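The chain contents come next:
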Amino acid sequence: GGPLGLICAIPEEIAHFGAHFRADSERQIAGFTFQQGDMDGRAVVLVEAGIGKVNAAIVATLLLQVFGVRALLFSGVAGGVDPALAIGDVVVATRLVQHDYGALAGGEMKVYQPGVPPLPGFDDAHGYDLDSGLEAKARAALDGLVLPALSAAATGGEARVPGIHFGTVLTGDQFLNCETSRDRLFRTFAAQAVEMEGASVAQVATRWGVPYLVVRSLSDLAGADSHMDFPAFCRAAAAGAAELIRRLAAVL
Ligand code: ADE
């Protein structure tokens, strides 16, 4: 029962659904526009949440409580954390962690250790693991998928076919434009990408007991150049995440 809830943060991300989504009606709540309609023959409520964990949590909660969605999907861009990944590559989140959740002491970020959950019963420190059954279905749905090549202008390097990865995605209310922090996050979490909404959606979905999938394509590498790469590559990169999300909608 219920439609799918599909969240993006910014116009460059939601734009890729335009050709595949037909809105039947829309409803404004708290300044957010929820478009109710059809994507590839499925009932979907599509919404642009804006940036950050709080916006994502508000929108996720409204999708569940007001629109009765049966699952949450997030499609968007991220900064690369794993140096093995390049701009345009896509990451399906198998774990989502709020990297800015913890204690600061002596100028150092102390992430809460697994097993010290600030909310009883929900291990927010460890993060949110993708259900193994859903992961298997997602892998099967994406098997053999080859994304369209991105031009050299769309990657800042060479023209290439984006890679499709499964891995850890970090979430925090900070745009990463800092090589030192990117390196610390890679060493702390062995993560593939960093963004600003995904773990928030995972937390809300977990509280409601509904499935979720977060897919991110890399617009930048979160280091010294990310403030220039992000605006240059964001729109083209976001196409990859949208392409995967349309296929993954079939498994939810
Ligand atoms: N989304 C896209 N690039 C990002 C970055 N470098 N930091 C956080 N969120 C992002």
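Details of the structure are given in the entry above.
Residues numbered from 1 in each chain as written. Predicted model: local features only at pLDDT ≥ 70, side-chain atom pairs only at ≥ 80, totals over all residues. Heavy atoms only, no water.

S.K.: Tell me about helix α7 (residues 226-248), and name the residues and values.
M.R.: Spanning 23 residues, α7 covers only 28 Å between terminal C-alpha atoms, well under the ideal 33 Å at 1.5 Å per step. Roughly 60° is the biggest bend found in α7, and it falls at Cys234. (Helix = DSSP H or I, 4+ residues; strand = E, 2+ residues; numbered from the N terminus. Expected span 1.5 Å × (residues − 1). Bend = angle between axes of the 7 residues up to and from the residue.)

S.K.: Quick rundown of the site of the ligand? Include the residues and the values.
M.R.: Taken together, 13 residues surround the ligand, and among them Ala78, Gly79, Leu176, Ser219 and Asp220 come closest. In the environment of the ligand, a nitrogen atom lies 3.3 Å from a nitrogen or oxygen atom belonging to the backbone of Gly79. Its free accessible area being 260 Å², the ligand has 96% of it covered by the protein chains. Elements supplying a minimum of two residues to the shell around the ligand: β5 (71-80), β11 (193-195) and β12 (212-220). A per-element tally of the shell around the ligand places β5 first, with three residues. (Near = heavy atom within 4 Å. Polar contact = N/O pair within 3.5 Å; in protein donor to acceptor, adjacent residues only side chain to side chain. Areas by Shrake-Rupley, 256 points an atom, 1.4 Å probe, with all protein chains shown as cover.)

S.K.: Hey, could you go over the pattern of salt bridges for me, with residue numbers and the actual values?
M.R.: Scanning the model with the defined rule gives twelve salt bridges in all. For the salt bridge of Arg160 with Asp89, the shortest nitrogen-to-oxygen distance reads 3.0 Å. Taken together, the residues Arg160 in the loop between α4 (152-155) and β10 (164-171) and Asp89 in the loop between β5 and β6 (90-98) connect sequence positions 71 residues apart. Arg160 gets classed as partly exposed once you look at its relative accessible area, which sits at 26%. Note on Asp89: relative accessible area 2%, which makes it buried. One network of salt bridges, with partners in common, ties together Glu13, Glu195, Glu197 and Arg216. (Salt bridge = Lys/Arg side-chain N within 4 Å of Asp/Glu carboxyl O. Buried < 20%, exposed > 50% of the residue type's maximum accessible area, 1.4 Å probe, protein only.)

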